[in-house]
Number of protein chains: 2
Amino acid sequence: MKSDKISEAVVRRLPVYLRFLNDLQNREILTVSSQELGQKLDLNPAQIRKDLAYFGDFGRKGIGYDVTYLIEKIRHILKLDQQLNVALVGAGNLGHALSNYNAYLKDTMKITAIFDSYAPKVGRKINSLTVQPMDELGSTIREQGIRIAIITVPDSEAQNVADILISSGIEAILNFAPVILKTPPNIRVHAADFTTDLQSLAYYLRDGKEESEHEQQ
Amino acid sequence: MKSDKISEAVVRRLPVYLRFLNDLQNREILTVSSQELGQKLDLNPAQIRKDLAYFGDFGRKGIGYDVTYLIEKIRHILKLDQQLNVALVGAGNLGHALSNYNAYLKDTMKITAIFDSYAPKVGRKINSLTVQPMDELGSTIREQGIRIAIITVPDSEAQNVADILISSGIEAILNFAPVILKTPPNIRVHAADFTTDLQSLAYYLRDGKEESEHEQQ
DNA sequence: TAGATTGTTAATCGATTAACAATC
DNA sequence: TAGATTGTTAATCGATTAACAATC
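Computed from a predicted model, the values in this text were never measured in an experiment.

Describe the UniProt feature "binding site: NAD(+)" (unreviewed entry) in chain A, and please don't skip the residues or the numbers.
Residue and element names in this part refer to chain A. Mapped onto the present numbering, the UniProt feature "binding site: NAD(+)" (unreviewed entry) falls at G90, A91, G92, N93, L94 and G95. Its place among the elements puts A91 in the loop between β4 (84–89) and α5 (93–99). Looking at A91, the relative accessible area reads 8%, which means it is buried. Following the sequence through the fold, G92 ends up in the loop between β4 and α5. Look at G92 and you get partly exposed, because its relative accessible area is 22%. Dropping the residues within four chain positions of it, G92 is found in contact with D116 and K121.

Below, the structure written as structure tokens:
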């Protein structure tokens, strides 16, 4: 059955499926079942079948899923079957690191513009991209048809940068700054804040006596 | 009411509360209600009260929560009231970037050792830490009492590094490599894979006609 | 045909939210 | 006292899992 509203949990699993399917394709495996998929990805096979069935009948009863076909379908669902240019704001160490992932993201998604407000950084080259000043942001976004931005500026600047991005027409933001951005409801924001990840990880450390009853899942 | 098993969703919100409370403390605000908290963090006030109540009665009816007291409590729950040393494996760009967050994490969590398997990187300095070879990993982890590790190596090496870390006694891993690590159930792993974030973000891009009915939440 | 595996409905489980008595 | 706000129970909502008919 098609459409309904798709939950965020489902959407977040799709890239995970895609990544593993690409792997299978590289190993020239033609077909995969929800059971194998579930085993490798630590997910319930019924969940995988259900996730995929939201978008169409991609499998064949008795057979499983054709790897190449499913890749194509998921890429389409995620809109990765078109070139998506990404802007990166904040040319610090983290921004620098992320721009290296261009190769991994292949042709479909690519950081094609880097901005920084700090004058001495402007004009420097990062992997063949030249760091641009913030006042070129609007025009570059329009020219390159950029719809997604990554924020890697210090937290004190993040909200301001987000506001500028949004007024320049950006639709989605991946925010690495450890702050909660206030944005209009039609802008999609994902938090990629590793300090939160790290701190929640500490909770699960074992600690001798009194709390050894929380089973770490 | 104390204990029960705490869900992961609850644990992941605690660092978010903590971050905002630190903010309030810096602004010398003494007290906060679940309503204000909910407003700023985009969460339901009842959820916040319930989350906190799992761990104790931290609030005062009619008043709210004492900021300083609540910070202290959450820090204790997350085990951030002790020094936690963190190992970082992979001295590439991303590893380099993360080591800069030491200042942000304050005294409680700190990257205190960096490892890399690539000989020319060994011996280099990154923010006052010297990159160590992989064969010093076990001894350093023991000496420094390190219990948490961050993996920032290429995906092809990630599983191998994880195995080494686990056999050296690490309890929790923050994994930046875009692979699903196979680990024993008593090891806590959080995925910090920004390629997944980015790809799921693309799903929510607007696209003219046929799919304009998925409301982006 | 027999075995495998999907798509889907129904059952279960868990998390979020509403409501309110207790109380500062 | 009146107003505010907690902690907690009950209601709701949503997501996961089990089960199975359909079918390759």
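Now, about the interface of chain B and chain A: what can you tell me, with residues and values included?
Chain B puts 64 residues into the contact, and the matching count from chain A is 64 residues. Measuring nitrogen to oxygen at the nearest pair gives 3.9 Å for the salt bridge that ties E171(B) to R206(A). Inspection of the region where chain B meets chain A yields 28 residue pairs in polar contact (both at pLDDT 80 or more). Contributions of two or more residues to the side of chain B that touches chain A are made by α1 (8–26), α2 (34–41), α5 (93–99), α6 (102–105), β8 (148–151), β9 (172–175), β10 (188–191) and α9 (194–203) of chain B. The element contributing the most residues to the side of chain B that touches chain A is α9(B), with ten residues. Along the lines of polarity and charge, the residues of the side of chain B that touches chain A split into 36 nonpolar, 13 polar and 15 charged.

So, the packing of helix α2 (residues 34–41) of chain A against helix α3 (residues 45–53) of chain A: which residues are in play, and what are the values?
Residue and element names in this part refer to chain A. Across the interface, α2 lies against α3 with an axial gap of 8 Å and an inter-helix angle of 115°. Here α2 is positioned roughly perpendicular relative to α3, judged by the angle of their axes. Read as a crossing pair, α2 and α3 show a hand that is right-handed. Counted together, S34, Q35, L37 and G38 of α2 and P45, I48 and R49 of α3 form the full contact between these two elements.

Explain the pattern of salt bridges to me, using residue names and the numbers behind them.
For side chains of opposite charge, pairing can occur when their charged atoms come near one another. Per the counting criterion, the structure on display carries 18 salt bridges over all chains. As a salt-bridge pair, D51(A) and R13(A) come within 2.6 Å of each other at their nearest N and O atoms. In this pair, D51(A) is assigned in helix α3 and R13(A) in helix α1 (residues 8–26), connecting sequence segments 38 residues apart. Taking the shortest distance from any N to any O, the salt bridge between R147(A) and E171(A) comes out at 2.9 Å. Of this pair, R147(A) sits in the loop between α7 (137–144) and β8 (148–151) while E171(A) sits in the loop between α8 (155–167) and β9 (172–175), placing them 24 residues apart in sequence. Linked by salt bridges that have partners in common, E8(A), R12(A), R188(A) and D197(B) make up one network.

I'd like a rundown of the domain arrangement of chain A, residues and numbers included.
Residues and elements named next belong to chain A. We note that the domain assignment places domain 1 (8–77) and domain 2 (84–194) within chain A. Tallying the contact residues gives four residues for domain 1 and four residues for domain 2. In total, about 310 Å² of surface goes out of reach between domain 1 and domain 2, with carbon and sulfur atoms giving 37% of it. The tally of links from domain 1 across to domain 2 stands at one salt bridge.

Give me the lowdown on the environment of I146(B), citing residues and values where you can.
Residue and element names in this part refer to chain B. Examined against the element boundaries, I146 turns out to sit in the loop between α7 (137–144) and β8. Measuring from C-alpha to C-alpha, the distance between I146 and I170 comes to 7.0 Å, with 24 residues separating the pair along the chain. Beyond its immediate chain neighbours, meaning those up to four positions away, I146 contacts N85, V86, A87, T112, A113, T140, I141 and I170.

How would you summarise the confidence of the model for chain A if you had to cite specific residues and measurements?
Summarising the model, chain A shows a mean pLDDT of 91, and 93% of its residues fall at 70 or more. Below a pLDDT of 50 lies the segment residues 209–217 of chain A, which in the model reaches ten contacts outside its immediate sequence neighbourhood of four places, other chains included.

An account of the sheet that holds strand β10 (residues 188–191) of chain A is needed here, citing residue identities and associated values.
The sheet built from seven strands is open, its strands ordered β6-β7-β5-β4-β8-β9-β10 (chain A) with mixed pairing. The open sheet has two edge strands, β6 (125–126) and β10 of chain A, and neither has a second partner. Two strands pair when backbone bridges link them, and β9(A) and β10(A) are joined in this way by four bridges, in the parallel orientation. By the bridge assignment for β10(A), A172(A) is matched with R188(A). The sheet contacts of α7(A) involve β4, β5 (109–115) and β7 (129–132) of chain A, and relative to β5(A) the element is tilted by about 160°. The strands touched by α9(B) within the sheet are β4, β5, β8, β9 and β10 of chain A, with β9(A) carrying the most contacts at an inclination of about 165°.

A description of helix α4 (residues 67–77) of chain A should follow, citing residues and the corresponding values.
Buried residues of α4(A): V67(A), L70(A), I71(A), I74(A) and I77(A), and no others. All buried residues of α4(A) project into a common sector of 130° when viewed along the axis, lining one side. The secondary structure elements touched by the buried residues of α4(A) are α1, β1 (31–32), α3 and β3 (64–66) of chain A together with α9 of chain B. The distance from a side-chain oxygen at the start of α4(A) to the backbone nitrogen of T68(A) is 3.2 Å, and the residue carrying that oxygen is D66(A). Directly after α4(A), the chain includes K79(A), whose backbone phi takes a positive value near 65°.

Thresholds applied
Residues numbered from 1 in each chain as written. Chains lettered and ligands numbered in written order. Predicted model: local features only at pLDDT ≥ 70, side-chain atom pairs only at ≥ 80, totals over all residues. Heavy atoms only, no water. UniProt positions renumbered as here; feature names shortened; annotations may be inferred. Helix = DSSP H or I, 4+ residues; strand = E, 2+ residues; numbered from the N terminus. Buried < 20%, exposed > 50% of the residue type's maximum accessible area, 1.4 Å probe, protein only. Contact = heavy atoms within 4.5 Å. Salt bridge = Lys/Arg side-chain N within 4 Å of Asp/Glu carboxyl O. Polar contact = N/O pair within 3.5 Å; in protein donor to acceptor, adjacent residues only side chain to side chain. Nonpolar A, V, L, I, M, F, W, Y, C, P; charged D, E, K, R; others polar. Axes fitted to C-alpha atoms, helices over the stretch in contact; angles between N-to-C directions. Parallel < 35°, antiparallel > 145°, perpendicular 65-115°, else oblique. Left-handed = near helix turned anticlockwise from the far one by under 90°. Domains from an automatic or database assignment. Buried area = accessible area lost by both parts, 1.4 Å probe. pLDDT = per-residue confidence, 0-100. Pairing = 2+ DSSP bridges. Arc of directions from axis to C-beta.

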